[in-house]
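Residue-level listing of the chains:
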Amino acid sequence: MSIKSNFSAVTHKISVSAAAVGTNPQLVAVTKTVSSDVIEELYALGQRHFGENRADAISAKHDVLNERYPDIVWHFIGSLQTRKVKDILPFVSYIHSLDRLSLAKEISKRADRVIDCFIEVNVSGEDSKHGLVPEDVVSFIEKLQEYQNINIIGLMTMAPFTSNDDELKNVFSNLKTIQEDVIKQNFEWAPCTELSMGMSNDYPIAISAGATFVRVGTELVTEI
Ligand SMILES: *Cc1c(COP(=O)(O)O)cnc(C)c1O
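None of these values were measured; they are calculated from a predicted model.

### Topic: the site of the ligand
No. 1: Near the ligand, the surroundings consist of V30, K32, I77, M156, M158, M199, S200, R215, V216, G217 and T218.
No. 2: Contact distances for the ligand include 2.5 Å between an oxygen atom and a side-chain N or O atom of T218.
No. 3: In isolation the ligand has 390 Å² of accessible area, and contact with the protein removes 87% of it.
No. 4: Structurally, the ligand is housed in the largest pocket.
No. 5: Residue composition of the shell around the ligand, grouped by class: 6 nonpolar, 3 polar and 2 charged.

### Re the nonpolar core
No. 1: In terms of nonpolar packing, the biggest core is built from 69 residues, with I95, L98, I107 and I119 touching the most fellow members.
No. 2: The element that contributes the greatest number of residues to this core is helix α7 (residues 165-184), accounting for 6 residues.
No. 3: Membership of the second largest hydrophobic core comes to 7 residues, among which are V28, F118, M156 and F213.

### Quick look at the side chain of N149
No. 1: Within the element layout of this structure, N149 appears in the loop between α6 (137-142) and β6 (150-156).
No. 2: At a separation of 3.0 Å, a polar atom in the side chain of N149 contacts the main-chain carbonyl oxygen of A111.
No. 3: Discounting chain neighbours no more than four positions away, the residues touching N149 are S108, A111, R113, V114 and I115.

### A few points about the environment of I150
No. 1: Mapped onto the secondary structure, I150 falls in strand β6.
No. 2: Linking I150 and Y69, residues 81 residues apart in sequence, is a C-alpha distance of 26 Å.
No. 3: Among all residues touching I150, those that are not within four sequence positions of it are L98, A104, I107, S108, V114, I115, C117 and W189.

### What about the pairing of strand β1 (residues 26-30)?
No. 1: In terms of burial, β1 is a largely internal element, 4 of the 5 residues being buried.
No. 2: Here β1 runs beside strand β8 (residues 213-216); their pairing, made up of 4 bridges, is parallel. The partner of V28 across the bridge, within β8, is R215.
No. 3: Chirality of the crossover, the property in question, places the unit of β1, helix α2 (residues 36-44) and strand β2 (residues 49-52) among those that are right-handed.

### Focus on the UniProt feature "modified residue: N6-(pyridoxal phosphate)lysine" (unreviewed entry) in the protein
No. 1: In this numbering, the UniProt entry assigns the feature "modified residue: N6-(pyridoxal phosphate)lysine" (unreviewed entry) to K32.
No. 2: Mapped onto the elements of the fold, K32 is located in the loop between β1 and α2.
No. 3: With residues near it in sequence (within four places) discarded, K32 still touches G51, E52, N53 and K61.

### Examining α7
No. 1: Here α7 is 20 residues long and its end C-alpha atoms lie 29 Å apart, about the 28 Å a rise of 1.5 Å per residue gives.
No. 2: Along α7, the residues that are buried comprise L168, V171, F172, L175, I178, Q179 and V182. Looking straight down α7, one finds that the buried residues subtend no more than 110° of arc, so they occupy a single side. Those residues of α7 that are exposed and angled more than 90 degrees off the buried face are D166 and K184.
No. 3: Of the surrounding secondary structure, the elements contacted by the buried residues of α7 are α6, β6, β7 (194-196) and α8 (203-208).
No. 4: Backbone geometry just after α7 places N186 at a positive phi near 55°.

### Description of the packing of α2 against helix α3 (residues 55-65)
No. 1: Two numbers describe how α2 lies on α3: the axes approach to 10 Å, and their chain directions differ by 55°. On the basis of their axis angle, the class for α2 and α3 is oblique. In the packing of α2 onto α3, the handedness of the crossing is right-handed. Only K61, V64 and L65 of α3 make contact with α2, whose side of the interface consists of S36, I39 and E40.
No. 2: Its residues assigned to classes, the contact of α2 with α3 comprises 3 nonpolar, 1 polar and 2 charged.

Calculation rules
- Counting of residues starts from 1 at the beginning of each chain's written sequence and follows it residue by residue.
- The predicted nature of this model means local features are confined to residues of pLDDT at least 70 and side-chain atom pairs, given and counted, to a pLDDT of 80 or more, with totals for whole chains, interfaces and linings taken over all residues.
- With hydrogens and water excluded, all non-hydrogen atoms of the structure serve as input to the side-chain values.
- Consider each residue's heavy atoms; a residue with any of them within 4 Å of a molecule or strand counts as near.
- The term polar contact refers here to a pair of N or O atoms within 3.5 Å; inside protein, the definition further demands a hydrogen-donor-capable atom paired with an acceptor-capable atom, and it admits residues adjacent in sequence only when both atoms are side-chain atoms.
- Here, Shrake-Rupley sampling with a 1.4 Å probe gives the accessible areas, and only protein chains in the shown set may cover a residue.
- With a 1 Å grid laid over protein atoms only, a set of points is called a cavity when a 1.4 Å probe fits there but cannot get out and a pocket when it is open yet has protein on both sides within 12 Å along at least five of seven lines; lining residues have an atom within 4 Å of a point.
- Pocket occupancy is defined atom-wise: a molecule lies in a cavity or pocket when more than half of its atoms are within 2 Å of its grid points.
- Note that Gly is not counted as nonpolar here; it falls among the polar residues with everything else outside the nonpolar set of Ala, Val, Leu, Ile, Met, Phe, Trp, Tyr, Cys and Pro and the charged set of Asp, Glu, Lys and Arg.
- Nonpolar cores are built from buried Ala, Val, Leu, Ile, Met, Phe, Trp, Tyr and Cys residues. Side-chain atoms within 4.5 Å join them into one set.
- Three exposure classes are used, based on accessible area relative to the maximum for each residue type with a 1.4 Å probe and protein chains only: buried under 20%, partly exposed in between, and exposed over 50%.
- Comment: elements are numbered from the N terminus, with helices defined as DSSP H or I runs of at least four residues and strands as E runs of at least two.
- Any two residues whose heavy atoms approach within 4.5 Å at even a single point are treated as in contact.
- For two strands to be treated as a pair, DSSP must find at least two bridges joining them.
- Here a crossover is taken to be right-handed if, once the strands point away from the viewer, the path from the first strand over the helix to the second is traced clockwise.
- UniProt positions are given in the numbering used here, feature names are shortened, and annotations may be inferred rather than shown by experiment.
- Any helix carries an expected span of 1.5 Å times its number of residues minus one.
- Think of the arc as the fan of directions from the helix axis to the C-beta atoms.
- Every axis corresponds to a line fitted to the C-alpha atoms, with the helix fit spanning only the stretch in contact, and the corresponding angles, defined between N-to-C directions, vary from 0 to 180 degrees.
- Angle categories: roughly parallel below 35 degrees, roughly antiparallel above 145, roughly perpendicular from 65 to 115, and oblique for all the rest.
- Helix crossings are classified by the rotation of the near helix relative to the far one: an anticlockwise turn of less than a right angle makes the crossing left-handed, while a clockwise turn makes it right-handed.

See the structure below:
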């Protein structure tokens, strides 16, 4: 499979799952394992949203590509060290991994505009996963009011790596329920209209459960 046929397969699967629930999810191409060449290839196919999980890598790729492709939309999807915030803020449009107040404080202090952030939630409760426990999400968001440059656009989760569809469905619908709880609060700084969930292993299921952003790496970039 070439990048081109991977891209057709993934975008087709996304449209089929999305049509069934009447949504139009945004594909974020996760390019953390590949070089800028692959980003260029995907760009030529029409992809504009790209996700990276390391501050140094996203900065380096941005520097290589920015002049030729100023309309690339960059998503930071990995765990973010506070001291790296200033390096990525100039060009990043979305941060998917807000999980602590110290990080919100640094983003808000360093940003010269409002940054769209997803709160990362550890829905499955696995020790290896980052993110807030579901019970803490609303009270965490309440505390973000003072950080003027943070807009909570939605919630993000990573599901366990499993082939058990029911387990995956459960994780994704739990995130949707937490989203509904947040929306009920009517926090001006947290419209929380979006759900970032679904990776190569599970994005059709995530879309069925209401994903509006899917983060797909392996299935897009693996050439076999
Ligand atoms: C790597 C990564 C992805 C993409 O995972 P694939 O299984 O390669 O599709 C999505 N989200 C996050 C946070 C990641 O780190």
